[in-house]
Every structure is written in structure tokens, then in C-alpha cells.
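Reading the structure
Take a look at the letters that make up each chain.
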Amino acid sequence: MGRQLRLNAFLHDTGHHEASWRHPQSSVEQIGEVTWWQNVTRKAEDAKLDAVFLADGPAWWGTGHRPSNQFEPITLLTALATATKRIGLIATASTTFYEPYNLARLFASLDQISGGRAGWNIVTTFSTDAAHNFGLSDVPENEERYARAQEFVDVVDRLWDSWEDDAVIADRTSGVHTIEDKVHRIDHHGRFLQVRGPFSAPRSPQGRPLHIQAGSSDHGRAFAARNAEAIFTAHQMLEDAQAFYADIKSQSRGFGRNPDEVLILPGISPFIGDTDAEAEEKFHYFNSLTVPEYGLNQLEKFAGVSLRHLELDERVPTEIFGGAGSVLDNDRSRKQVVANIVERDHPTLRQLLHRLAGGRGHHVVHGTPVQIADTMQRWFENGAADGFNVMPPLYPQLLDDFTAKVVPILQERGLFRHEYAGTTLRDHYGLSRPESQYVAEQPAAVASA
């Protein structure tokens, strides 16, 4: 079997289109029920998708025009774990607001409960609103946030590794459950963190839950190339995705890593119709439900630019985004995505808001199942993606369209599995289970004894 696509379902209440909750078929009244989320996740598992993913931000970003997150993601994924058997479970958690020991316990517990299906989307959180919820006046600057994040990840990995895999013997005869010499304090004393260890539990089924990263800024890409096993990213154009892909793979080699074990998964939000006209009609209908005030608020949040002085049907001046930088030279990556749209297509403000409404800068496509599959295959086979974060505009209906109409085409082309080959998220992604780093230290320790 050749190289296979990795496909996640990016869960997002009623759907990724910002007006999805207003759709007549939306499930907005049910999104506070855990059974609704379990049913959606089982649909993704029935289609043999690799994982479901939950984004998160510990603050209310809304203007009252969209539902807000009702569940803390690790808690929700634990509930989803009990309703599924194979599909991976990826949650976002911030290194800016958590403490490493606590977060290590949460993800190790999820990995244990799910039988090895947990992944951690590592974010640093730039939201001042979130900072205020944690007793801070503001978040640190980008460089400092990533410096703390690196130390944080190193500490979490050492905690997860602090039990060697054969530390537990559970010998009833001798009364020894755990070989204490195989459990190690980490004694970390760093710039940001002080953690003694060891961890409170044996290694979970995957050894370590997967590291995922979603930052595409300069610091984010370097951090991802060093740490991430999968990277979630947003690109509108094939050539931008190719440049990002090549850069991450190159940087990962520089850190001594195998670039094939660093998976690049752009977001894609598909409007699927049996004909071009039907797909385009769906796209325009969803956009007709949008509230401009909400779109403007979101644009300000992730692009750092206000366009409120413009009329909705006025062209967006390109100079507003003059300092956005290129896809490989910027600190506000989503701002650069928006800048490219403005420079390439010269949209009105209304058109720009509609372009962003379906995926917040991710690649929104509309077409027939074959056309959607063709787009995914083109990116996959031309150095732009190892797979995709699938972002249905409406849950569960447009997830159903994707799994029933697009996935079979990808399977027929030999690009996606018919059945799961393993049981863990590492198995699905084709990644090996890491050894405890303390195993590698043993020969040196013996030599110095």
C-alpha cells in the first residue's frame, strides 16, 4: 500500500461556517448534549477517519452572534472515548495558562482511558481576553510565549517518560508492584518552570500522546518543526501550502528528525453538491445567513486589522495589509492569508467576510465529490499536504456528505484506508511509539556508577 492520506474531522459545534447555527437543518439546540457529540464522532469513526479534533480558547470571543464553546475539550474527548473504539482524540491546551504536571495528567488519563488515542494540540494563546481570565493583565510577547512553550513541552515529555515501560511488575508473591529504580525524578529547574517529578502514573499506551501544533508564524513553524508530529495549518493556495510544507520538512531535518514523521494537515472546508451549481448554491446560501458584525469582530481578532471604516460593498484597499509578510516571513500567519486574498482577488468587504465565513482563512472549496477529491489529491501528491483537517460547514449533514461521497472516491484511488490497521492514533498516523528517554540514559548512568 502506498502513501495514505491522514484525515481528521475538526469538530466545531454546528459547523465551521459562522452562520451554520442559523441553517434550518442545524443542531443548535442539541450541541449542549454530549450524546450529540458522540453521535457525530461515531460517524467519523465509521468512515475510518484518523481523528476528531477540538480547538479551544479559554475566553469568550463572541459578539452574541454565534454559539460559544460549552465543553472543556479534554473532558469532552474523554466522554467521546467511551463511545468509540478506534478514532483518535485531539484536544487543544495552552502552555501559557496550564501548569505542566496538571496537563500531563489530563492527557495521560485521556490516553489511558481511550486505549492510546490521545493527541495534544499545543498552543501558546495570544488572546488578552484569555489572559484576563487567568489573573494576568496581558499575554507575554510571541518570543517569550514560545520560549515557555518549549520548556513546557520538554517538562511534560520528561514527566511522561519518567516511568520506564517495564517499571510495573505487579508481583503478588514479593509484594512489589513497581520497581522504584525505574521511576525517575526529573528535577527540572528552568527559566519559567520548576518541576520535581516523577510522574504519578506509568506510561500511557502511546508512551506519549501525540504532539500537534497549529502555529504558522516564524516562531510557530520553528517550534512545530522541533516538536510536532502533526501540524494543522491554513492555506488558500496550493503554492503557499507547498512553500509551508517544504519549509517545515527542511526545518525538521535540521532538528535531526525524520520529515516523514512530521505530518502537514491543512484545513479544508467543503461545500459538496451533485453538480457545480448545487455546491455553489449551498455556499451562497450559507453566506446569506451571515451577520457582518460577527465577521468583522473575528477579522479583527485573528488579523489584527480593523476594516469598520469601509462600506460593505467597498473594495478593501491592499495597503491595509502591506506589512503582513509572506507565508514564510510573518508573525501573524492568518493576517497573511487574508492579505493574499485581498491582493489576489480585490474583494469588497462583504466578499472578504464571506470568504472567511466558511473557514476563518482555511481553504473553502465548493464542487462535486470528484472535484473535492481531485483538489485533495492534487495537494497530497504535489508537496502541499500529508492529509487534511476536514472542516464541514454544517454538522452533521456536510460531514455525512464528505464521508458518503468523497471518502469512497479517495478509497477507490488507493489514497485512504478501508479499515483501521491499528488501535492507536500513532498507528493511524503511521508513527512509532517513542521509548522513555530514561532508557537511553541508562548505559551512561551505569558507566558513571
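In what follows, the structure referred to is the one given above.
Criteria and cut-off values
- Residues numbered from 1 in each chain as written.
- Predicted model: local features only at pLDDT ≥ 70, side-chain atom pairs only at ≥ 80, totals over all residues.
- Heavy atoms only, no water.
- 1 Å grid on protein atoms, 1.4 Å probe; cavity = no way out; pocket = protein on both sides within 12 Å on 5 of 7 lines; lining within 4 Å.
- Points joined across faces, edges and corners; volume = space filled by probe spheres on them.
- Helix = DSSP H or I, 4+ residues; strand = E, 2+ residues; numbered from the N terminus.
- Nonpolar A, V, L, I, M, F, W, Y, C, P; charged D, E, K, R; others polar.
- Axes fitted to C-alpha atoms, helices over the stretch in contact; angles between N-to-C directions.
- Parallel < 35°, antiparallel > 145°, perpendicular 65-115°, else oblique.
- Left-handed = near helix turned anticlockwise from the far one by under 90°.
- Contact = heavy atoms within 4.5 Å.
- Buried < 20%, exposed > 50% of the residue type's maximum accessible area, 1.4 Å probe, protein only.
- Pairing = 2+ DSSP bridges.
- Right-handed = clockwise from strand over helix to strand, strands pointing away.

1. Quick word on the layout of surface pockets
If you add up the space inside the second largest pocket, you get close to 410 Å³. Elements with a minimum of two residues in the lining of the second largest pocket: helix H5 (142-161) and helix H6 (218-227). With 5 residues, H5 is the largest single contributor of residues to the lining of the second largest pocket. Taken together, the residues of the lining of the second largest pocket break down into 4 nonpolar, 6 polar and 10 charged.

2. Structural notes on the packing of helix H3 (residues 100-114) against H5
Packing of H3 against H5 brings their axes to within 9 Å, and their N-to-C directions diverge by 55°. Relative to H5, the element H3 lies oblique. Of the two elements, H3 crosses H5, and the hand of that crossing is right-handed. Contact residues: Pro100, Tyr101, Leu103, Ala104, Phe107 and Ala108 in H3; Phe152, Val155, Val156, Leu159 and Trp160 in H5. Per-class residue counts for the contact of H3 with H5 are 11 nonpolar, no polar and no charged.

3. Considerations on the pairing of strand E10 (residues 230-233)
Successive residues of a regular strand alternate their side chains across the two faces of the sheet. Residues Ala230 and Phe232 point to one face of E10 and Ile231 and Thr233 to the other, with burial holding for every one of them. Pairing analysis gives 2 bridges linking strand E9 (residues 210-213) to E10, with the strands arranged parallel. Of the residues in E10, the one forming a bridge with isoleucine 212 is alanine 230. Following the chain from E9 across H6 to the adjacent parallel E10, one finds a crossover that is right-handed. Alignment of E10 against strand E11 (residues 263-272), held across 4 bridges, turns out to be parallel. Within the sheet, the bridge partner assigned to alanine 230 lies in E11 and is leucine 263. The parallel pair E10 and E11 is bridged by helix H7 (residues 238-254), and the resulting crossover is right-handed.

Geometry only, nothing functional implied.
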